[in-house]
Structures are given as C-alpha cells and as structure tokens.
Amino acid sequence: MQGRADGGNGKSIQSEDCLRVNVITPANAKNLPVYVYIYGGGFNSGSSSDLKIDGTYLAAKEIVFASFNYRLSLFAWPHAAEIAEAGETQNFGLLDTRAAVEWVVQNVKQFGGDPTKIALGGDSVGAGVLSITAFGIEEFTDVERDGDDKLLLDCIS
C-alpha cells in the first residue's frame, strides 16, 4: 500500500493502483449476511492484506467477509493546485471507499451474500471512513428490496 515508507504493515511496494476487494465466504454460501471491514491507519498507512484482518473466522460462522484497499496519504488527498483550480474533488480515498462498498453491494450475491444484509465495520480511521461512506449509499444502489426503499447499513465501530 502507500503512505509511510513501509506502507505501515511491512510492505515495501507502494502504488496508487490499490483498489482491490477481498471476499471470504463459506463454501456453498447463499443469502448470508455480509460484513465489510475498513482498516484504520490514520489515512496514511494500512492495507487489507494485513494479517490482523482475517475474515476466515467470520466465514466459518456463516458470514461473508469483505475488505478492501483504498488510496492513502498524498495519493488520496493530494492538495493539488491544478485539481483545486478545476473545481474537482480531492477526496480520492473516500471515493475509493464508496466505489468498493458499491461493488460489494452490486456483486456480493455472486459470493453467497445477501445485498440487503450488509454491515460496515472498521477500526480507528476505518470507523470514521465507514460513517462517511454509509451516508448516501442508497443514492448509488439499485438492489431489489422487499417493500423498503433504503438499503440498511449498520455502522459498527
């Protein structure tokens, strides 16, 4: 990941090309609840490949686990004059987070998850990011829901 010199987790390779979603699911999963985990790291370090983030325990308990990387540090919030002058957002890390959650909502059924039963969770900055991400989720989801016009996302921090 990017950020500090070692990526904050012993990884020395850093790149802006980092948006990846990890999904861990039980065998033969069908319509299971989904837990999406967002790691912390002060907006400058961290990675979903950190060994402390292991969804196999939740998968063994019949919960689909998803985690993802997002841009950090200057890759995420560049404070670039050219971008500011163009009137464009510089919140790339938050856009990555929304894109990852949107992807999970739209694709988790293929992994045996129920897109109407998604809980977001995180630690440290990850908890802060998820609270920002949770607002406005229904703006970009088109998941079919029985009699409910909003996708319920529980924020757990």
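Above: the structure in question.
Residues numbered from 1 in each chain as written. Predicted model: local features only at pLDDT ≥ 70, side-chain atom pairs only at ≥ 80, totals over all residues. Heavy atoms only, no water.

What to know about the overall build of the chain
Helix and strand content of the chain: five helices and five strands. In the chain, the succession of α and β elements from N to C terminus is β-β-α-β-α-α-α-β-α-β. Burial analysis of the chain (157 residues in total) assigns 45% to the buried set. With an accessible surface of roughly 8600 Å², the chain has 52% of that area assigned to carbon and sulfur atoms. (Helix = DSSP H or I, 4+ residues; strand = E, 2+ residues; numbered from the N terminus. Buried < 20%, exposed > 50% of the residue type's maximum accessible area, 1.4 Å probe, protein only. Areas by Shrake-Rupley, 256 points an atom, 1.4 Å probe, with all protein chains shown as cover.)

With respect to the pairing of strand β3 (residues 64–68)
Counted residue by residue, β3 has five buried out of five residues, so it is predominantly covered. Both faces of β3 are covered, namely the face carrying V64, A66 and F68 and the face carrying F65 and S67. Bridge count for strand β1 (residues 21–24) against β3 is four bridges, and the pairing is antiparallel. From the neighbouring strand, V21 faces β3, where its bridge partner is F68. (Pairing = 2+ DSSP bridges.)

Structural notes on unusual backbone geometry
Phi at N28 takes a positive value of approximately 60°, unusual for a residue other than glycine. Structurally, N28 can be placed in the loop between β1 and β2 (32–38). Take N28: its relative accessible area is 78%, and that puts it in the exposed class.

In short, shape yes, function no, at least from these values alone.
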